[in-house]
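Chain residues, written in single-letter form:
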Amino acid sequence: MSDRLPGFSTLAVHAGAQPDPTTGARATPIYQTTSFVFNDADHAASLFGLQAFGNIYTRIGNPTNAVLEERVAALEGGTAALAVASGHAAQVVVLQQLLQPGDEFIAARKLYGGSINQFTHAFKSFGWNVVWADPDDIASFERAVTPRTKAIFIESIANPAGSITDIEAISSVARKAGVPLIVDNTLASPYLIRPIDHGADIVVHSLTKFLGGHGNSLGGIIVDAGTFDWSTGGKYPMLSEPRPEYHGIRLQETFGNFAFAIACRVLGLRDLGPALSPFNAFMILTGIETLPLRMQKHCDNARAVAEFLAGHPAVASVSYAGLPSDKYNQLARKYAPKGAGAVFTFSLKGGYDAGVNLVSKLQLFSHLANVGDTRSLVIHPASTTHSQLDDAAKVKSGAGPDVVRLSIGIEDKEDLIADLEQALGA
Amino acid sequence: MNHDAYPDNYIRGILNSVKSIAMVGASPVNVRPSYFAFKYLAQRGYDMIPINPGHVGKELLGKPFVASLRDIGRPVDMIDIFRNSSHIMPVVEEALTLDPLPKVIWMQLGARDDAAAEKAEAAGIKVVMNRCPKIEYGRLSSEISWMGVNSRTLSSKRAPAPTQGMRLSLNRMSVGGGDTAASDRAAKNKSEQS
Ligand SMILES: Cc1ncc(COP(=O)(O)O)c(C=O)c1O
């Protein structure tokens, strides 16, 4: 019973899982059930009152999902996690704990296009006001802070261009402002970057991407770093004030350094309802077991493809932080020394039409709206994921009309390069 | 003892060996953390003694409230202090007058008094600060994993099946699991400020 800390690959296989006590099953069982019996009335009351640990109803928690939660918490170095139905659900649930109507949060302008939409339109209708800042200009975050600011939201590696965010610099802005830093770590995965080690207070993921890794299951997760003190100044009443939903419990006082994850579960997931299917949790858990192997291959392939494209006469520019000439290479060396991820963009000299032409000629790359699959993927963001943005916002978020986004899979890199070569050539 | 991060074996050893626990500041209000912890530990077989001078004459889950540590009138293995940091020292000083001495003094989540800890340790008493025994029990039994909490333990052994919804063994063979170093650091910074 040593206290030796296991390595990342060991955690990826083991954390959260144990042989089933009843049957001895070694793989995590899929607990495909809506509900769980109580021992007696007192047990039921204790569970509903948050006095005992245990299962009630799968919208609040499920044993298969719990293994996934503990595993991702361990990989990120967090105190606890909550799995939800999608990456977008994770973002809603997180902000619901932090913002009251009329409050603000600061978000990096370089984000997944779907997140830009969610923040601009859906969240505005809840009275949660996003204020945009430029991740390449840290002072723009400082300038955006007001007394109503409740959080800062960034991506570690930003979709679509794979740019690297200076997490530590933005974390000190958050600390000074007395607000938590939320990092969407979807494109890096904890194998490449552990944002909590750099000052993040909350990490969110779309599990749909590299963590699940096989393009077969939607999922999202929220990781509590356990670092933020929610009790100061009544700024975060969901955590610091007596909750009428639970007869006056104060969550921070009761749950200490995992109170945020509990709030997301018992106030967010319970009431908003975006529960993850246990079957999806099982698929994603299986994916995570090979995360270190896959992620390294994704990165090594991506670098080879980026180098090939950078040397091709039809290509105007490549935005991949792993290339020594890239604007983000210094940050990549600091934050993601094992590799700069596998999602990046490039632009074609032939502009919009050349992009459309390339996509139609590719044989191995699949044209679809996802990233982080074993398969290599291609998309033209300006006409798809980022199509709802106006032209200026498209360019600002790295999705101009001439830009093509790739998500490099784990096939043989020679085959990926040959496919791009034939599609670019003719 | 380094009070910023305790080895699992230290906590496991305490929770496996103590039988009676006097809880200073136990509350009869059923949404207070002390009530949660009192009930949870009582259900797991600990002999719980509620200490609160404001409630003498009443009972907490069938156990009569006692006014102070000196009034318990029998030896007690562990004292669990549910008071904030500024009220710790007088309780520890009172505990040091008991004969026999308690084996363990435990200060609740958020409570830390290094000077009081030093005094207790000089008398041979084990000290835990800024932790909750309910959470630590749940973590080492892995019950807390049902809530998606990082138990920081790993095991390939089959654990005993839960009894009445409780995982009662803290002796899961386990290696340390994922660290939560950032959280430990934050807790330390906070207690230095307060
Ligand atoms: C960086 C990033 N965050 C969040 C999301 C949203 O995740 P989901 O599709 O699982 O809701 C995506 C999806 O593309 C993403 O790439």
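Just so it is clear, the model here is predicted, and its values are computed rather than measured. (Residues numbered from 1 in each chain as written. Chains lettered and ligands numbered in written order. Predicted model: local features only at pLDDT ≥ 70, side-chain atom pairs only at ≥ 80, totals over all residues. Heavy atoms only, no water.)

### Describing the overall build of chain A
So, step 1. Along the backbone of chain A there are 17 helices and 14 strands.
So, step 2. The globule rule puts the C-alpha radius of gyration for 426 residues at 22 Å, and the 22 Å found for chain A is close to it.
So, step 3. Principal-axis analysis of the C-alpha atoms gives chain A an extent of 75 × 55 × 40 Å.
So, step 4. Taking all 426 residues of chain A together, 62% fall into the buried category.
So, step 5. A fraction of 72% describes how many contacts in chain A between residues 6 or more apart in sequence connect residues 24 or more apart.
So, step 6. Of the roughly 14,900 Å² of accessible surface on chain A, 55% is carried by carbon and sulfur atoms.
So, step 7. When the 33 basic and 40 acidic side-chain charges of chain A are each reduced to a single mean position, those positions are 3 Å apart. (Helix = DSSP H or I, 4+ residues; strand = E, 2+ residues; numbered from the N terminus. Rg over C-alpha atoms; globule rule 2.2 N^0.38 Å. Buried < 20%, exposed > 50% of the residue type's maximum accessible area, 1.4 Å probe, protein only. Contact = heavy atoms within 4.5 Å. Areas by Shrake-Rupley, 256 points an atom, 1.4 Å probe, with all protein chains shown as cover. Lys, Arg positive; Asp, Glu negative; His and termini not counted. Charge placed at Lys NZ, Arg CZ, Asp CG, Glu CD.)

### Describing the UniProt feature "modified residue: N6-(pyridoxal phosphate)lysine" (unreviewed entry) in chain A
So, step 1. Here the UniProt-annotated "modified residue: N6-(pyridoxal phosphate)lysine" (unreviewed entry) positions come out as K209 of chain A.
So, step 2. Among the residues examined, K209 of chain A registers a relative accessible area of 16% and is labelled buried. (UniProt positions renumbered as here; feature names shortened; annotations may be inferred.)

### Points about the sheet that holds strand β5 (residues 78-81) of chain B
All names here are of chain B.
So, step 1. If you trace the 5 strands from one edge of the open sheet to the other, you get β2-β1-β5-β6-β7, paired in parallel fashion. Whereas interior strands pair on both sides, the edge strands pair on one side only; in this sheet they are β2 (47-51) and β7 (126-128). Within this sheet the neighbouring strands show an average axis-to-axis angle of 20°, counted without direction.
So, step 2. As defined by bridge partners, strand β1 (residues 20-24) adjoins β5 across 4 bridges and the pair is classed as parallel. Note that in β5 the partner of M23 across the bridge is D80.
So, step 3. Contacts from helix α1 (residues 8-17) reach β5, β6 (104-107) and β7, with the element oriented near 110° to β7. (Pairing = 2+ DSSP bridges. Axes fitted to C-alpha atoms, helices over the stretch in contact; angles between N-to-C directions.)

### Re α1 of chain B
So, step 1. Looking at α1 of chain B, one finds that the buried residues are D8, Y10, I11, R12, I14 and L15 of chain B.
So, step 2. Next to the buried residues of α1 of chain B lie β5, β6, β7, α5 (133-141) and β8 (153-154) of chain B.

### Considering the domain arrangement of chain A
All names here are of chain A.
So, step 1. Domain annotation of chain A identifies domain 1 (8-287) and domain 2 (291-425).
So, step 2. The C-alpha-based centres of domain 1 and domain 2 are spaced at 28 Å.
So, step 3. Listed by partner, the interface residues are 41 residues for domain 1 and 39 residues for domain 2.
So, step 4. At the boundary of domain 1 with domain 2, total buried surface from both sides reaches about 3,300 Å², with 62% on carbon and sulfur atoms.
So, step 5. Ranking the residues of domain 1 by area buried against domain 2 places P160, Y191 and F210 at the top, with a combined share of 23%.
So, step 6. Linking domain 1 to domain 2 there are 2 salt bridges.
So, step 7. Here E168 and K334 are joined by a salt bridge, their closest N and O atoms 2.9 Å apart.
So, step 8. Every element with two or more residues in the side of domain 1 that touches domain 2 is listed here: α1 (8-14), α5 (113-125), β6 (163-164), α7 (167-177) and α8 (189-192).
So, step 9. Taken together, the residues of the side of domain 1 that touches domain 2 sort by class into 19 nonpolar, 16 polar and 6 charged. (Domains from an automatic or database assignment. Buried area = accessible area lost by both parts, 1.4 Å probe. Salt bridge = Lys/Arg side-chain N within 4 Å of Asp/Glu carboxyl O. Nonpolar A, V, L, I, M, F, W, Y, C, P; charged D, E, K, R; others polar.)

### Observations concerning unusual backbone geometry
So, step 1. Each neighbour pair has its own omega, and for N159 of chain A with P160 of chain A the value is 5°, a cis peptide bond.
So, step 2. When you line up the elements, P160 of chain A lands in the loop between β5 (157-158) and β6.
So, step 3. Going from D99 of chain B to P100 of chain B, the amide bond is cis rather than trans, its omega being 0°.
So, step 4. Relative to the elements of secondary structure, P100 of chain B occurs in the loop between α3 (88-95) and β6.

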